[in-house]
Amino acid sequence: MNQLFSRMPPLAAAALAALLAFVFAVVFMEQESDVAVISLLALGAVAAWGAGRVGLSRRVSAAAATRPGAVAALGGAVALGLLAVFAEDHFPLLMLSTVMLYATVALGLNVQFGYTGVVNFAGAAFFGIGAYTAAELVGRTALPPILVLPLGGLIAAVVGLVLVVPVVRTRGHYAAVVTIAFSVLFKTFLEVNDTLGGPQGLSVAPLSLFGWSFGEGPEILGISASFYLNYALAALAVLALAFVMVRRLERSWIGLSLDAVRLDETASACYGIGIRRSKILAFVVGNLVIGTAGALYGSMLGYIAPTSFTFSDSLILVAIVLLGGMGSPWGTVFAAAIVVILPEKLQAIQEYRFLLFSVVVMAILLFRPEGLLPRAVRRYMPAPKEVAR
Amino acid sequence: MMQVETALALDTLGLPITPERLLDIQGLAKSFGGVRALNDVSFSLGRGEILGLIGPNGSGKTTSFNVLTGLYRPDGGKILFDGADITGNSPQAVYRAGIARTFQRSRLCLELSIFDNIMVGNHARLNHGLMFNLFQRKAFRLEVESALAEATELAASFSPNLAAAMFEPVGALPMIERRRIEICRALISRPKLLLLDEPSAGMTHDETHQLMDDILAVRERQGGLSIIIIEHEMGVIERVSDHCVVLNYGEKIAEGSYQDIASDRLVQEAYLGSEVGR
Ligand SMILES: Nc1ncnc2c1ncn2[C@@H]1O[C@H](COP(=O)(O)OP(=O)(O)O)[C@@H](O)[C@H]1O
Ligand SMILES: [Mg+2]
């Protein structure tokens, strides 16, 4: 067994892993009973452990190092495959879209504290700013989504500038307190603001693109798909774009500077790296990504309220980053899937999910601080083939 | 080579241009609360010179580096570097002016690779434009390849093991290799002045010897790098320095060649009972 996998070409191993993940996800999404879900989870955990034992995981990591583009394409193919399988079903599509948008948000948070060490406990607030921006823009203007989404990001980034001074000037815990305060204030602001719907929230008109409304399910090959398919495809596009840009950022001199600022501000300053400049860049870029995802999320839900963007939601977003592994884009996507899907599938834990996530986060910090899929050493370009050996 | 040319150059009146001093520190002062870490310290450094900065523990050696590199703002005094007043400049500006340093307690990014750590020191020579880094990936790749070749060559002049492991995290390496990486990080940008803060700390006698030889060899190749070295190991100071400055309680108590200061009574008294007096 061991021999079999350790000789397998890395890309073939990655394709095999992608196929297994796809099949697992399809079966998992179709389960209804708690017993079946728990059994499948156990099976998945054993399979992941087994993949490590027989050397499959190492081959997949090698593929990610030597052929990052191809591995990313495999990830995209798995997502597209899942959307195709569930094309007619509202609920699974909504769940998959939520996973992809939460993963996008967590990628933005990763730029902020995974790379740069700028803590942000107001992720859900910036997500909400994107959603409310979409609600206002789609309701009052005929802007195409291609503009509504980045505008959501832009407004989130601009509002974020309010926090730049405290976030940039001081260290960790202070930024934490300030962003927590912002998170709480944001919800209160929404609740007392009547033009934004107050505590009841507001409805968001469906996006439309060239006269094609996202509110109607498309007919594809004789299948009448759920209207959520529109949003799922858009979410996949947003995630893919964020993923590619965050990876490029990480694999660049800028990404190196961000890491250096997180790890040692004094040494960074002595080698010419602008500390404030780096932190502002990370904070703005992160909020841009978060707000863009929020704009799409708001239009997809069709109805948004202050309770969707609370401090607890911000904590869940932070938990995704920690669980996946700080600075690890693949880990982020994986963790987003776990954190979003698990409570939906296991009705038994839904009530206790905040408690459960707190326990999981503590366990991760104690026993596996590098996360489920730890970040790999930075390679600015695909690694040479020897690395795969 | 460069210096010989500078020294022989003539100005418009046909008089030889005297090579100005690279660094001129005048009356530098710095206090922390009641502690006078630096009190009216002055010294200067010629181009291509190696200056040994010595003194008992707590005498203000590291503080003088911290003030020089802009980490602390001096309470008084002036720092002239390469013809410009850099007093009170930010650490970033001091680095851009051509001063690179190592730290007494190693300050590497342990999670990052050897290559990453060396590239931190190369900041001034790399293109940090957003467009270039995110969208011109072909051009970016060429810059990475040439920087990698240069960093690998520099690392190889200290240790073949380093050159063979450029993408390994630094945290797994022994102390001596970390010191070497820190020095590569300082040298990669080809600074005019290198500040070494106790490079031998945590290393054996032979390792220190080897390290200094390697630094001198790189200096030879880069042509006329000036160095200020803080060092407790007197053998090292004797071997490499052209000139020494001795600090005690934040004041300069002696200056001169190693032989001069070694026979200085004040210096001997300052070191009496301290572990460095060997
Ligand atoms: N950041 C600081 N805050 C307070 N006191 C300091 C600081 N840095 C240095 N000192 C004090 O200044 C004096 C000189 O220290 P330092 O320059 O580190 O000495 P050396 O490097 O010669 O051993 C010591 O008394 C030290 O305690
Ligand atoms: Mg010291």
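This text goes with the structure placed above it.
Participant: I would appreciate a short explanation of the overall build of chain B in the present structure.
Facilitator: The helix and strand inventory of chain B stands at twelve helices and ten strands. Here the C-alpha atoms of chain B give a radius of gyration of 20 Å, agreeing with the 19 Å that 2.2 N^0.38 yields for 278 residues. Along the three orthogonal principal directions, the C-alpha set of chain B runs to about 60 × 55 × 40 Å. Taken across its 278 residues, chain B has 52% of its residues classed as buried. Looking at chain B alone, contacts between residues at least 24 apart form 68% of all its contacts between residues at least 6 apart.

Participant: I would appreciate a short explanation of the coordination of the magnesium ion (ligand 2) in the present structure.
Facilitator: The expected angle between donors at a tetrahedral four-coordinate metal is 109.5 degrees. At an octahedral six-coordinate metal it is 90 or 180 degrees. All names here are of chain B. Coordination of the magnesium ion (ligand 2) by the protein is provided by Thr-62 (OG1) and Gln-104 (OE1), with metal-donor distances spanning 2.0 to 2.1 Å. One end of the pair, Thr-62, is in helix α2 (residues 61-68); the other, Gln-104, is in the loop between β6 (99-101) and α4 (114-120), with 42 residues separating them in the sequence. On the basis of relative accessibility, which here comes to 24%, the residue Thr-62 falls in the partly exposed class.

Participant: Looking at this structure, how should I read the layout of surface pockets?
Facilitator: Rolled over the atoms, a probe sized like a water molecule indicates the empty space that remains. Quantified by volume, the second largest pocket comes out at close to 770 Å³. Considering the residues around the second largest pocket, the lining is formed by 28 residues, among which Val238(A), Leu241(A), Ala242(A), Met245(A) and Thr292(A) are closest to the centre. Residue assignment for the lining of the second largest pocket shows that the elements contributing at least two residues are α8 (145-160), α11 (228-250) and α14 (275-301) of chain A together with α5 (130-134) of chain B. Of all the elements, α11(A) adds the most residues to the lining of the second largest pocket, at ten residues. In the lining of the second largest pocket, the residues fall into 25 nonpolar, three polar and no charged.

Participant: Explain the side chain of His243(B) to me, please; I cannot follow it from the model alone.
Facilitator: All names here are of chain B. Assignment of secondary structure puts His-243 in strand β9 (residues 243-248). In this structure the side chain of His-243 is engaged in a polar contact, spanning 2.9 Å, whose partner is the side chain of Glu-255. Not counting the four nearest positions on each side in its chain, His-243 is found in contact with Glu-49, Ile-50, Leu-51, Gly-52, Glu-255 and Gly-256.

Participant: Is there a simple way to think about empty space enclosed by the protein in this case?
Facilitator: Enumeration over the complete set of coordinates arrives at one cavity of 30 Å³ or more. In this structure, the largest cavity encloses a volume near 30 Å³. The wall of the largest cavity is formed by Cys270(A), Thr69(B), Pro91(B), Val94(B), Tyr95(B), Ile99(B), Ala100(B) and Arg101(B). Mapped by element, the contributors of at least two residues to the lining of the largest cavity are α3 (91-97) and β6 of chain B. Class assignment for the residues of the lining of the largest cavity results in six nonpolar, one polar and one charged.

Participant: Looking at this structure, I do not really get the interface of chain B and chain A. What am I missing?
Facilitator: Contact residues are listed per partner, giving 39 residues for chain B and 30 residues for chain A. Interface area for chain B against chain A, summed over the two sides, is near 3200 Å², with a carbon-plus-sulfur share of 70%. Connecting chain B to chain A are three salt bridges. As a salt-bridge pair, Arg378(A) and Asp116(B) come within 2.9 Å of each other at their nearest N and O atoms. Counting across the interface, chain B meets chain A through 13 residue pairs in polar contact (both at pLDDT 80 or more). Contributing elements (two or more residues each) for the side of chain B that touches chain A: α3, β6, α4, α5, α6 (137-156) and α8 (175-187) of chain B. For the side of chain B that touches chain A, the leading source of residues is α6(B), giving seven residues.

Participant: Would you mind going over the site of ligand 1 with me for this structure?
Facilitator: Residues and elements named next belong to chain B. Taken together, Phe-32, Val-35, Ala-37, Pro-56, Asn-57, Gly-58, Ser-59, Gly-60, Lys-61, Thr-62, Thr-63 and Tyr-72 make up the full set of residues near ligand 1. Measuring from an oxygen atom of ligand 1, one finds a backbone N or O atom of Lys-61 at 2.9 Å. Surface burial for ligand 1 is 64%, taken as the share of its 560 Å² of free accessible area covered by protein chains. Taken together, the elements giving at least two residues each to the shell around ligand 1 come down to β2 (35-45) and α2.

Participant: Is there a simple way to think about the packing of helix α2 (residues 10-30) of chain A against helix α3 (residues 34-53) of chain A in this case?
Facilitator: Each pair of packed helices can be described by the angle between their axes along with the distance between the axes. All names here are of chain A. The N-to-C vectors of α2 and α3 enclose an angle of 165 degrees; their axes lie 10 Å apart at closest approach. Taken as axis vectors, α2 and α3 run roughly antiparallel relative to one another. For the pair α2 and α3, the sense of crossing is left-handed. Residues Phe-24, Val-27 and Phe-28 of α2 lie in contact with α3, whose contacting residues are Val-37, Leu-40, Leu-41 and Gly-44.

Participant: I'm lost on the environment of Ala383(A) in this one. Help?
Facilitator: Residue and element names in this part refer to chain A. Take Ala-383: it is sitting in the segment after α18 (353-367). As for Ala-383 and Arg-67, which are separated by 316 residues in sequence, their C-alpha atoms are 7.8 Å apart. If sequence neighbours within four positions are ignored, Ala-383 has contacts with Ala-65 and Thr-66.

Participant: Explain helix α6 (residues 90-115) of chain A here, please?
Facilitator: Working note: α-helix, 3.6 residues per turn, so residues spaced by three or four point in the same direction. Residues and elements named next belong to chain A. For α6, with 26 residues, the first-to-last C-alpha span of 36 Å sits near the 38 Å given by 1.5 Å per residue. Where α6 bends most, the angle comes to about 35 degrees, and this point is Leu-109. Gly-117, located one to two residues past α6, shows a positive phi value of around 80 degrees.

Participant: Got a minute to help me understand the pattern of salt bridges in this structure?
Facilitator: For side chains of opposite charge, pairing can occur when their charged atoms come near one another. Residues and elements named next belong to chain B. Applying the stated criterion to the full structure yields 21 salt bridges over all chains. The partner of Asp-82 in a salt bridge is Arg-47, and the shortest N-O contact between them spans 2.8 Å. Taken together, the residues span a long stretch of sequence, with Asp-82 in the loop between β4 (76-81) and β5 (84-85) and Arg-47 in the loop between β2 and β3 (50-54) at a distance of 35 residues. Overall, Asp-82 belongs to the partly exposed group, its relative accessible area being 24%.

Reading the values: the criteria
Residues numbered from 1 in each chain as written. Chains lettered and ligands numbered in written order. Predicted model: local features only at pLDDT ≥ 70, side-chain atom pairs only at ≥ 80, totals over all residues. Heavy atoms only, no water. Helix = DSSP H or I, 4+ residues; strand = E, 2+ residues; numbered from the N terminus. Rg over C-alpha atoms; globule rule 2.2 N^0.38 Å. Buried < 20%, exposed > 50% of the residue type's maximum accessible area, 1.4 Å probe, protein only. Contact = heavy atoms within 4.5 Å. Donors = N, O, S within 2.8 Å, 3.2 Å for Na, K, Ca; no water. 1 Å grid on protein atoms, 1.4 Å probe; cavity = no way out; pocket = protein on both sides within 12 Å on 5 of 7 lines; lining within 4 Å. Points joined across faces, edges and corners; volume = space filled by probe spheres on them. Nonpolar A, V, L, I, M, F, W, Y, C, P; charged D, E, K, R; others polar. Polar contact = N/O pair within 3.5 Å; in protein donor to acceptor, adjacent residues only side chain to side chain. Buried area = accessible area lost by both parts, 1.4 Å probe. Salt bridge = Lys/Arg side-chain N within 4 Å of Asp/Glu carboxyl O. Near = heavy atom within 4 Å. Areas by Shrake-Rupley, 256 points an atom, 1.4 Å probe, with all protein chains shown as cover. Axes fitted to C-alpha atoms, helices over the stretch in contact; angles between N-to-C directions. Parallel < 35°, antiparallel > 145°, perpendicular 65-115°, else oblique. Left-handed = near helix turned anticlockwise from the far one by under 90°. Expected span 1.5 Å × (residues − 1). Bend = angle between axes of the 7 residues up to and from the residue.

That's the geometry; what it means functionally is another story.
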